[in-house]
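The primary structure of each chain is shown beneath.
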Amino acid sequence: MNIIQLIKKLTLIDFIKGFIVTLKAFFRRKVTVQYPEVKTPLSPRFRGKLALMRYDNGEERCIACKLCSAVCPAQAISIESEERADGSRRTTKFEIDAFKCIYCGFCEEACPVDSIVETDIFEYHMTENEQRIQTKEMLLATGDEYREQTIENKKKDSRYR
Amino acid sequence: MKDFLISFLSFLDPQWINLIWSLLQIAIVTICLILTVVFLVYFERKVIGYMHARVGPNRVGPKGTLQSIADTIKLLLKEVIIPDKADRFFFLLSPLLLLIPALAAWAVIPFSPEFIIADINAGLLYLLALTSFGVYGVILAGWASNSKYAFLGSMRAAAQMVAYEIAMGFALVGVLMAGGSLKLGEIVAAQTGGVLSWFWIPLFPLFIVYFISGIAETNRHPFDLAEGEAEIVAGFHVEYSGIGFAIFFLAEYINMALISVLTSIMFLGGWESFFAGIPFLESSVFSFLTEPSIFWLLLKTLFFLFVFIWLRASFPRYRYDQLMSLGWKVLIPITILWIGVECIMYVMQIGPWSVT
C-alpha cells in the first residue's frame, strides 16, 4: 500500500464522494408516477389483451386459416375448424392460453383478414387457473367491447406498417 | 413537575415519591423511544426512497405518515412460529435479551441539564456494559433457532460486535480523559462554550472511530454481515416471525438511536446549543438560541440517524474479512495512537481541557 492510498483511506475520501452522490439524488426531482391515479401514455402500437374482431355486419372475421397458430412462438393458440351450413369455413374452437402467450403480436401480423388483434388493455386478471384459456366466445366478447378504441389505434398505426 | 408530584402525594413517604417519579420518567422515555422507532421506520424508508429518486411510502395516511403504524399492526397480527426443533425457552427469551439492554442503556442518558433518569457515577461504564450485553441476545437467538443460517449469522454478529467493542471502548477512553468524569452529565458540562469547545475537534479521529464502531455494533449497513440477505437469508432472526421479529426490529432501531445520542453527547456537546459562545447572539433577542436545551440534543441525534440511513442508501456491504481487518487493523490502532497523542496534549497542556 503506497502513501496515496493510505491518505485516501484515512481521509475517507471515497466515502465522502459516495455520500455526495446520494445527497444529490436526495434533492433531485422525483419522477414516480402514482400509478392507479396517474397513468403513463400508451402507444397505439401497444400489445395488450388478445381479441377477435368482427366485420361491420357482425360476421366473425376468422376463416380458420391457422396462420396465427402456425406463427405463434409460444404455441398458445389452438384451432379446430369445420364447414359451416352456408359453405364457409369457420372455427369451431379457437382457444388462446393466456399464460403461454408472450404478447409478441405475430398472430396479428400473420392474420390475412385482420381477425385476431391485440388491444391496448393490460389491466386484467384471472382468479382461477382454468380462466387462462380464452375461448372463442371470450375473445369475440373482448373484441366487441373494445372495438372502437382498437380500430382507432390500428388506424393511427397503419401508416407505419 | 417533581414539585407538583411531591405536593400532590405529600401523604406518602419521600422514598415512595422518588420511586413513582422514577417510574414516571422511565415510562416517558420508553414511550418516546417507541414513538421514535415508529418515526424512524418511516423516516428511513422515505429518505432511502428519496436517495433512490423515488418518493417512498405515500399511501397510508397523509404523505404515508401512518405507514409504520400499519407495518406494526401487520407484524403484531402475524402468527408467531416457533420451529419444531428450536429451544423454546431461549427462542422466546433472546429477543428480550436484545431489547432490555437497549432500553436500559437510556437510563443514564442526560437529555437536558435537568432530565436524566439515573445520574450514576459510572455512567459511561454502565453504557459500555449494556451495549455489549446485546450480543447475548443475538447469539442465543441464532443458537436457539436451530437453523444453520441463523447460527452463522449469530456467529458473525458475535465476532463483529466483540471486535468493534474494543475500538469503541478505546474511543470512550479518550472521551473519559478529555471529560475527566464517567458521569455523562459532567462530560457534556466539560464541553460548555460553543461549537469549538466540543470534543469533536480535539478528538476527531475518535469521533469518527466511535461512530463507525457504533454502526458495526448495531449491525447496520454497511456492516450488517449478521443479516446479509445475499448469503444467509436474514441472519440470526431468520426463524422469527410476528412479534419476535418486531422486537428485534425495535431493539435494532433503539440501538441506532442510542449510538446517535451517545455520539452527540460525547463529541458534539449534548444539550449545548450550536450558537453558544457567540457574543453577538448572546446579547441580542436571539439569546434563547444560545441556551442549552433538549432540542439541540434531539437535533444532533436526528442528524446522526440521518447519517445511519444515508450510509445505508450509499454503500454496499463489507466483505467479512474486510470488516474484521477494518476493526482490528485500522480502528483499534487509530484509537490507541490518538490516546497517545491525547496523553501528550494532556501533559503539555495543549487543548481545551486542563489538568486539575
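Please read all numbers here as calculations on a predicted model, not as lab measurements.

Trainee: I keep staring at unusual backbone geometry and nothing clicks. Help me out?
Mentor: Among all residues except glycine, the phi angle is most often negative; among peptide bonds, the trans geometry is most common. Residue and element names in this part refer to chain A. In the Ramachandran plot, Gln 75 falls in the positive-phi region, its phi being about 50° despite a non-glycine side chain. Positionally, Gln 75 belongs in the loop between α3 (67-71) and β2 (77-83). One non-glycine residue, Asp 114, lies in the positive phi region at around 55°.

Trainee: I keep staring at the domain arrangement of chain B and nothing clicks. Help me out?
Mentor: Interfaces are often sized by the amount of accessible area the parts lose when they come together. Residues and elements named next belong to chain B. Taken domain by domain, chain B consists of domain 1 (1-77) and domain 2 (82-348). Placing a centre on the C-alpha atoms of domain 1 and another on those of domain 2 gives a separation of 20 Å. Contacts between the two partners involve 17 residues from domain 1 and, on the opposite side, 23 residues from domain 2. Between domain 1 and domain 2 the total buried area reaches about 2,000 Å² when both faces are included, carbon and sulfur atoms providing 86% of it. In terms of surface lost to domain 2, no three residues of domain 1 exceed Leu 33, Glu 44 and Leu 75, which account for 27% of the buried area on that side. A salt bridge links Arg 312 to Glu 44; the nearest nitrogen and oxygen atoms lie 2.7 Å apart. Only α2 (14-51) and α3 (67-77) provide two or more residues apiece to the side of domain 1 that touches domain 2. Top contributing element to the side of domain 1 that touches domain 2 by residue count: α2, with 14 residues. When grouped by side-chain class, the residues that make up the side of domain 1 that touches domain 2 number 13 nonpolar, three polar and one charged.

Conventions we followed
Residues numbered from 1 in each chain as written. Chains lettered and ligands numbered in written order. Predicted model: local features only at pLDDT ≥ 70, side-chain atom pairs only at ≥ 80, totals over all residues. Heavy atoms only, no water. Helix = DSSP H or I, 4+ residues; strand = E, 2+ residues; numbered from the N terminus. Domains from an automatic or database assignment. Contact = heavy atoms within 4.5 Å. Buried area = accessible area lost by both parts, 1.4 Å probe. Salt bridge = Lys/Arg side-chain N within 4 Å of Asp/Glu carboxyl O. Nonpolar A, V, L, I, M, F, W, Y, C, P; charged D, E, K, R; others polar.

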